[in-house]
Amino acid sequence: MTTPAKLYGKDLSEYDEIDVEELLAKLSPEEINILAKEVDPDDSFLPPSQRCSYDCEKEATGPLNRKQLIEHINKQAMETPDQPELKPFVAGTVRGKKWIPPPPPLKEVEAGEQIAIDLGDEYETALSEATQDEIIDLAAILGFHSMMNQDQYHASLLNKGQPVGLGWDGITKASKQKIFPMDPPNNTDPDQTIKQVQDDDPKLIDLNWNNIKNISDEKFDSLFDALVQNTHLETLSLTNVGLTDRHTNKLADALEKNNTLRVINVETNFISPTGIVRLVKSILKTKSVEEFRGTNQRSQVLGNKIEMEITALVEKNPTLLRLGLHLEYNDARHRIATHLQRNIDTIRKDLTLRLRFRFFNHRKTPLIK
């Protein structure tokens, strides 16, 4: 049901059947001109001279000259006399009423008077005789952090004396930065470690190629091919070595056939989100990897579809305990965290049962004299 149209409170439904064209045909040109001045059509296709109600009957004096127009306006402004003042200006006298600020509200006055608190003679004496360091310590205990600088606050927490020149009027200077030595370069020889992996050296348990630059594709291929037959390597660290999706496919093929790797770290490389999914899917086949890290890749954001695929793969993996990936969506983070915690609890229960079984078997074994 529609609301009937009204004009100044009068119902206009009785004019619905009237033919507007017939009414306009009965009007004279003068009446149509008057009616056009009262109507402002909202039509952007009409020129502005026809949309507005202003109608200038004067003839144009010529083309617009902006410079002459501005000069004429300035001349008119200079020749027009100022309006006379009711009271002439005299230096040193006040014309009219002088503004006097109103008195402050009573509530603010009362609030200001309530600040003065009587602490009693005992507390007044203790505060008046307290040293500056004791007042600073008291302010730290009461939580008045804005009354002290950072060094004063930490000195009070550590029960240390106040540094010289750091009283209430002291200036806190920036503490000197602790210079830590740079990490030594990675001196691992890629060719030697590749040969050890190919020979299945039992002494090589942790392979660390982190931060080694300019490793050729042939060396990566040789390493990943050797991982297939290796039975002793447990930790593989390939951080910041320039891995791409081409290397990722080779590594994923090797992980699907290796049963001894426990920790895989491929952080800070150039692996795409689909490459991360490929690696997570590869460790699901052997179910021997306990920790996988792959953050800080070429694409910082994996996307909802990729995160859901990783979540589904992780939930099928009963041995994965730690996963190092930046997940944006709460659903994926919560589901993965829940599943990893379930895997950890399962391993703890199995370990507890094994220890109990060994303990009881040891007690039942008779002592041989």
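Residues numbered from 1 in each chain as written. Predicted model: local features only at pLDDT ≥ 70, side-chain atom pairs only at ≥ 80, totals over all residues. Heavy atoms only, no water.

Under an unreviewed UniProt entry, the name given to the chain is Tropomodulin isoform X2, and the source organism is Nicrophorus vespilloides. Per UniProt, the comment on the chain under Subcellular location (unreviewed entry) is "Cytoplasm, Cytoskeleton". (UniProt positions renumbered as here; feature names shortened; annotations may be inferred.)

It is worth spelling out helix α10 (residues 217-227) at this point. Of the positions making up α10, those classed as buried are F220, D221, L223, F224, A226 and L227. Check the buried side of α10 and you find it contacts α9 (190-198), β3 (206-208), β4 (235-237) and α11 (245-255). (Buried < 20%, exposed > 50% of the residue type's maximum accessible area, 1.4 Å probe, protein only. Helix = DSSP H or I, 4+ residues; strand = E, 2+ residues; numbered from the N terminus. Contact = heavy atoms within 4.5 Å.)

On to the packing of aromatic side chains, then. For the structure shown, the criterion picks out two aromatic pairs. When the centroid spacing of 6.0 Å and the interplanar angle of 25 degrees are considered together, the rings of F220 and F224 count as stacked. Taken together, the positions of F220 and F224, both in helix α10 and four residues apart, correspond to about one turn of that helix. Residue classification places F220 among the buried residues on the basis of a relative accessible area of 1%. One aromatic cluster is present, built from ring pairs that chain together W209, F220 and F224. (Phe/Tyr/Trp six-rings, centres within 6.5 Å; stacked < 30°, edge-to-face > 60°.)

Here the focus is the nonpolar core. One finds W209 and I310 to be the most contacted residues of the largest nonpolar core, which totals 45 residues. When contributions to this core are tallied by element, the ones reaching two or more residues are α9, α10, α11, α12 (273-286), α13 (304-315) and α14 (330-364). It is α12 that contributes the most residues to this core, six residues altogether. (Core = buried A, V, L, I, M, F, W, Y, C linked by side-chain atoms within 4.5 Å.)

Moving on, we come to the environment of E267. Along the chain, E267 turns up in the loop between β5 (263-265) and α12. Residues E267 and G324 lie 57 residues apart in sequence; the distance between their C-alpha atoms is 8.7 Å. In this structure, E267 is in contact with L238, T239, N240, R293, G294, T295 and Q297, ignoring residues within four places of it in sequence.

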